[in-house]
Amino acid sequence: MSQVITAPGSVGHEVRPPDGPRRRVRPSGGVDRVFRLVLRTAGVAVLAVMATVGLFLLTRGSSAFAAAGFDFLTVAAWEPDSLNFGIAAVLVGTVLIAAVALTVAFPLALGVALYISEYAPRRIRRVLTSMVDLMAAVPSVVYGLFGSVFLQWQGVDIPRWLSVQFGWVPFLSVPGADPDNPLAGDSVYVTSTFWAGLIVGFMVMPFICSVMRESFTQAPQGEREGALALGSTRWGMIRSVVLPFGRSGMIGGTMLGLGRALGETIAVAMIISPVFTIQTHILGKGGHSVSALIAQQWGSASVFGLSALMAAGLALFALTLVVNFAASAVIARSRSGQGSDA
């Protein structure tokens, strides 16, 4: 309802303020115009760089696309010099590694972010924040060495137990494994998609955790105190106030980690055993990814092989763009604070 205002010095004359936001009377200064120009230039530059990268990959991979056609997306083998090549196997492996990585990283990042922002004392909070940030700065080759030399051999009982207990799930079975045979080797459980995804999950967890933590700390203090004053428990306050306000941060951090996992190269190349077949058994030996394929074959590829690798890079670039655009659409529908019960 608009408020009725009587103008001074008038009798019976009512002035009603216009509905909606008030318009600026004075034009913006030169500083505002420069700031808008800088922001607009930065946005156009980002779009130009993305378009340039896509156009470069498309141009360099055009000969491979022309030779393979639609089979480039359906063939699993990779023999570009024999004109028998495609990204079906490596694309499936890339998605599976990223899925395993998010399965590991998301609950870890969520738990650590909630503990740092809601439960940890101030001194411990600073130490944990610094440790998480340092984990993000560790080079990927260090994670690859840790996984290939130590973790997958010392932790071989993990995939064995998973295959025995949940082998009835198709992607958790291990073809050729005989857990009842004490003389059977453990090599069937190593260099698998599971270990590559586990290491990549450790790598992307700090990025997801940092975004989540910053999002959780922005929850309004008044609504936190209001929920506690109404008798809510600490977990009830987190569930009704903190998590709804941090929803977009959770989605954005997860999608950031997904993009990082899809493009991880060195750690995957050091751990996984390259197999150019569609390998859906994540606990079994063998697998591949697009980025690891490019890194391993770049130095020895022929001219046409380089074009095929460029085409594979374009497919990975397109997949990453699709994931990011989907994440932006989800975030736009899940603004922080939407759905809060407080």
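The structure displayed is predicted, hence computed values, not measured ones.

Each helix and strand in the protein chain was counted, giving 13 helices and four strands. Of all 342 residues assigned to the protein chain, the portion counted as buried reaches 38%. A fraction of 72% describes how many contacts in the protein chain between residues 6 or more apart in sequence connect residues 24 or more apart. Accessible surface for the protein chain amounts to roughly 19,300 Å². Of this, 65% is attributable to carbon and sulfur atoms.

Applying the stated rule across the entire model yields four salt bridges. Residue Glu118 pairs with Arg224 through a salt bridge whose shortest N-O separation is 2.6 Å. Within this pair, whereas Glu118 is found in helix H3 (residues 88-119), its partner Arg224 is found in helix H8 (residues 221-229), the two being separated by 106 residues in sequence. Residue classification places Arg224 among the buried residues on the basis of a relative accessible area of 9%. Measuring nitrogen to oxygen at the nearest pair gives 2.5 Å for the salt bridge that ties Arg260 to Glu264. You can call Arg260 partly exposed: its relative accessible area is 32%. Classification of Glu264 by relative accessible area gives buried; the value is 3%.

Here Trp168 shows up in the loop between helix H6 (157-166) and helix H7 (193-217). What makes Trp168 exposed here is its relative accessible area of 67%. Looking at Trp168, its side chain comes within polar contact range of the main-chain oxygen of Gln165, at 3.4 Å.

Let us now look at the packing of aromatic side chains. A complete count under the given rule lists seven aromatic pairs for this structure. A centroid spacing of 6.0 Å and a plane angle of 70 degrees characterise the contact between Phe72 and Phe85, whose relative ring orientation is edge-to-face. Of this pair, Phe72 sits in the loop between helix H2 (62-68) and strand E3 (78-79) while Phe85 is found in strand E4 (residues 84-85), placing the two residues 13 residues apart along the sequence. When sorted by exposure, Phe72 lands in the same class as Phe85, which is buried. Arranged with centres 5.8 Å apart and planes meeting at 75 degrees, the rings of Trp161 and Phe166 form a pair that is edge-to-face.

We now examine the packing of helix H4 (residues 122-137) against H7. With their axes 8 Å apart at the nearest point, H4 and H7 run at an angle of 135 degrees to one another. Classified by the angle between their axes, H4 and H7 sit oblique to one another. Considering the relative orientation of H4 and H7, their crossing is left-handed. Touching Thr129, Val132, Asp133, Met135 and Ala136 of H4 are Phe202, Met205, Pro206, Phe207, Cys209, Ser210 and Arg213, all from H7. Among the residues forming the contact of H4 with H7, the class breakdown is eight nonpolar, two polar and two charged.

What counts and what doesn't
Residues numbered from 1 in each chain as written. Predicted model: local features only at pLDDT ≥ 70, side-chain atom pairs only at ≥ 80, totals over all residues. Heavy atoms only, no water. Helix = DSSP H or I, 4+ residues; strand = E, 2+ residues; numbered from the N terminus. Buried < 20%, exposed > 50% of the residue type's maximum accessible area, 1.4 Å probe, protein only. Contact = heavy atoms within 4.5 Å. Areas by Shrake-Rupley, 256 points an atom, 1.4 Å probe, with all protein chains shown as cover. Salt bridge = Lys/Arg side-chain N within 4 Å of Asp/Glu carboxyl O. Polar contact = N/O pair within 3.5 Å; in protein donor to acceptor, adjacent residues only side chain to side chain. Phe/Tyr/Trp six-rings, centres within 6.5 Å; stacked < 30°, edge-to-face > 60°. Axes fitted to C-alpha atoms, helices over the stretch in contact; angles between N-to-C directions. Parallel < 35°, antiparallel > 145°, perpendicular 65-115°, else oblique. Left-handed = near helix turned anticlockwise from the far one by under 90°. Nonpolar A, V, L, I, M, F, W, Y, C, P; charged D, E, K, R; others polar.

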